[in-house]
Amino acid sequence: MVFLVIDQSGYQAFKALGDINSHLWLTADIMAEPEIDSLRAKGMEVSVFNYKLNADDLVGIAAAVETIREHHPTQKVWVAF
């Protein structure tokens, strides 16, 4: 499963799931680069979009999900916001 996190509350919901071996996609400005490096050091695959999404931007979220599907065509995408 692939997780798309678009804000801090979504990231907190993701963290509450515990240690999950998955691919995490973040929108810009969710966390600082040292935090991202820390996740990667723990073995998590993390990708970061170069733009920020808002919860009410359904068109933008759908486009982000399509981008993720291009990279992970057989995976389900969980959107957290």
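The shown structure was predicted, so the numbers you read here are calculated from the model rather than taken from an experiment.

**A few points about the packing of aromatic side chains**
Per the stated rule, a full pass over the model turns up five aromatic pairs. Seen from their ring centres, F3 and W78 are 4.8 Å apart, and the 70° between their planes marks the pair as edge-to-face. Residue F3 is found in strand β1 (residues 2–5), and its partner W78 is found in strand β4 (residues 77–80); the two are separated by 75 residues along the sequence. Each residue in the set F3, Y11, F14 and W78 is aromatic and connected to the rest through ring pairs, giving one cluster.

**Observations concerning the confidence of the model for the chain**
Taken as a whole, the chain shows an average pLDDT of 92; of its residues, 100% reach a score of 70 or greater. The secondary-structure element of the chain with the lowest mean pLDDT is helix α1 (residues 8–16), recorded at 90, while helix α3 (residues 58–71) shows the highest, at 97.

Rules used throughout
Residues numbered from 1 in each chain as written. Predicted model: local features only at pLDDT ≥ 70, side-chain atom pairs only at ≥ 80, totals over all residues. Heavy atoms only, no water. Phe/Tyr/Trp six-rings, centres within 6.5 Å; stacked < 30°, edge-to-face > 60°. Helix = DSSP H or I, 4+ residues; strand = E, 2+ residues; numbered from the N terminus. pLDDT = per-residue confidence, 0-100.

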